[in-house]
Amino acid sequence: MPVDHERFEVSVPGGRLAAGRWGTGERVVVASHGITANHLSWQRVGELLVQRSDGAIALVAVDHRGRAGSADLPGPYGPAAHGDDLIAVLDHLGVDRTVLAGHSMGGFVVSAAAEHHPDRVDALVLVDGGVPFPLDIPADADVEAVVQSVIGPALDRLDQRWPDEEAYVDFFRSHPAFGPPNRFGPAAEAYVRYDATQAGDGAIRSSVSKEAVLADGGAAIVDPDSSSSIERIGCPSVLLWAPRGILDQSPGLYHQTQIDEVTSRLAHLRTVLVPDTNHYTVLTDDIGAGAVADAIVAAVTSATS
């Protein structure tokens, strides 16, 4: 059955934050997207979550500052600032505390929210993010170079232009992460179309602010303090990780040795490998989104039992 999607806005410092909701359930989970994404990257998870919870759980996801419907919202950026915005969403919805979910950069955002607002967070569901990446970064590293080394084409895309929206969609349709075989489904297409915006010369570009991405990447990837909130919290957390990366390469952002090391140190964190997924499809296709939806249901059930 189709699941309704409703867009709304929330007052935050500096303006209005865009968000979307799937479902009308009394239990509301709030989600944070990746560094160059938007709230519609959570669409398939939202649909499956409503279905698999029999309508008891709703999903709300935001457009972070500098992206899509929040493209004109100014900084501050970084996991802590975005985490504060998530708490503003909880206030807007009248939700005292809940489960937070985050993909990629969003994992660092929800971890920061749990660190700075522990009384508002029951548990975390992290999706291929939120645990510091296994990088050896010198103290004087160039931020843009480091962010480029991690997200590569996702950063390059912010400087590119396309003649029309269909050309932009085709760019993603042929992206290594989505095929072959073709894994560019309706949820991925909706997220891409929502990101497309018109440049001053009439061409199509991404709605994402490069300034925001570099600030967020500097915090979530380069800054050891901003990237390590997961190590300073105690709420139950699960990391669902993909074996392949942004370009469908292997290994992905995480590898088994690092996963084993971090779980041996952090008693509150467990990890789940989601087979046959990469950094994009772990959220957008039925295999990945189904695993994420099931993890959210389990986290909500545990928090309310």
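Things to note about the overall build of the protein chain
Logical step 1: The secondary structure content of the protein chain amounts to 11 helices and 10 strands.
Logical step 2: Taking 19 Å as the expected radius of gyration for a compact globule of 305 residues, we find that the protein chain reaches 18 Å, a close match to that expectation.
Logical step 3: Seen through its C-alpha atoms, the protein chain measures out along the principal axes to roughly 55 × 45 × 40 Å.
Logical step 4: Residues counted as buried form 58% of the 305 residues belonging to the protein chain.
Logical step 5: Where the 21 positive side-chain charges of the protein chain centre and where its 41 negative ones centre are 3 Å apart.

Re the side chain of H33
Logical step 1: Note that H33 resides in the loop between β3 (27-32) and α1 (43-52).
Logical step 2: Judged by relative accessible area, which is 0%, H33 ranks as buried.
Logical step 3: If near-sequence neighbours (up to four positions away) are discounted, H33 is found in contact with N38, H39, S41, W42, V62, D63, H64, R67, H103, M105 and G106.

Things to note about the sheet that holds strand β10 (residues 269-273)
Logical step 1: In spatial order, the strands read β1-β2-β4-β3-β5-β6-β9-β10; together these 8 strands make up an open sheet with mixed pairing. In this open sheet, the two edge strands, each paired with only one partner strand, are β1 (5-12) and β10. In this sheet, neighbouring strand axes are inclined to one another by 25 degrees on average, regardless of whether the strands run parallel or antiparallel.
Logical step 2: Bridge count for strand β9 (residues 237-241) against β10 is 5 bridges, and the pairing is parallel. Its bridge partner lying in β10, L239 is registered against T271.
Logical step 3: Strands in contact with helix α2 (residues 79-93) are β1, β2 (15-22), β3, β4 (57-62) and β5 (98-103); relative to β1, the strand with the most contacts, it is inclined by about 110 degrees.
Logical step 4: Across the sheet, helix α11 (residues 286-304) is in contact with β3, β4, β5, β6 (121-127) and β9; its angle to β6 comes to roughly 165 degrees.

Conventions and cut-offs
- For every chain, the first residue of the written sequence is number 1, and numbering continues from 1 onward in sequence order.
- Confidence filtering applies because this is a predicted model: local features only for residues at pLDDT of at least 70, side-chain atom pairs given and counted only at 80 or more, and all residues used for totals across whole chains, interfaces and linings.
- Hydrogen atoms and water are omitted, and side-chain values are computed over all heavy atoms in the structure.
- Counting from the N terminus, the helices are DSSP H or I runs at least four residues long and the strands are E runs at least two residues long.
- Here the globule rule is a power law, 2.2 Å times the number of residues to the power 0.38, and the radius of gyration is based on C-alpha atoms.
- Under the scheme applied here, a residue whose accessible area is under 20% of the maximum for its type counts as buried, over 50% as exposed, and between as partly exposed, the area being computed with a 1.4 Å probe on protein chains only.
- Counting rule for charge: Lys and Arg are taken as positive, Asp and Glu as negative, and neither His nor the chain ends is counted.
- Think of each charge as sitting on NZ of Lys, CZ of Arg, CG of Asp or CD of Glu.
- Here, two residues are considered to be in contact whenever any of their heavy atoms come within 4.5 Å of each other.
- Pairing between strands requires that DSSP locate at least two bridges from one strand to the other.
- A fitted line through C-alpha atoms serves as each axis, taken over the contacting stretch for helices, and the angle formed by two N-to-C directions is quoted from 0 to 180°.

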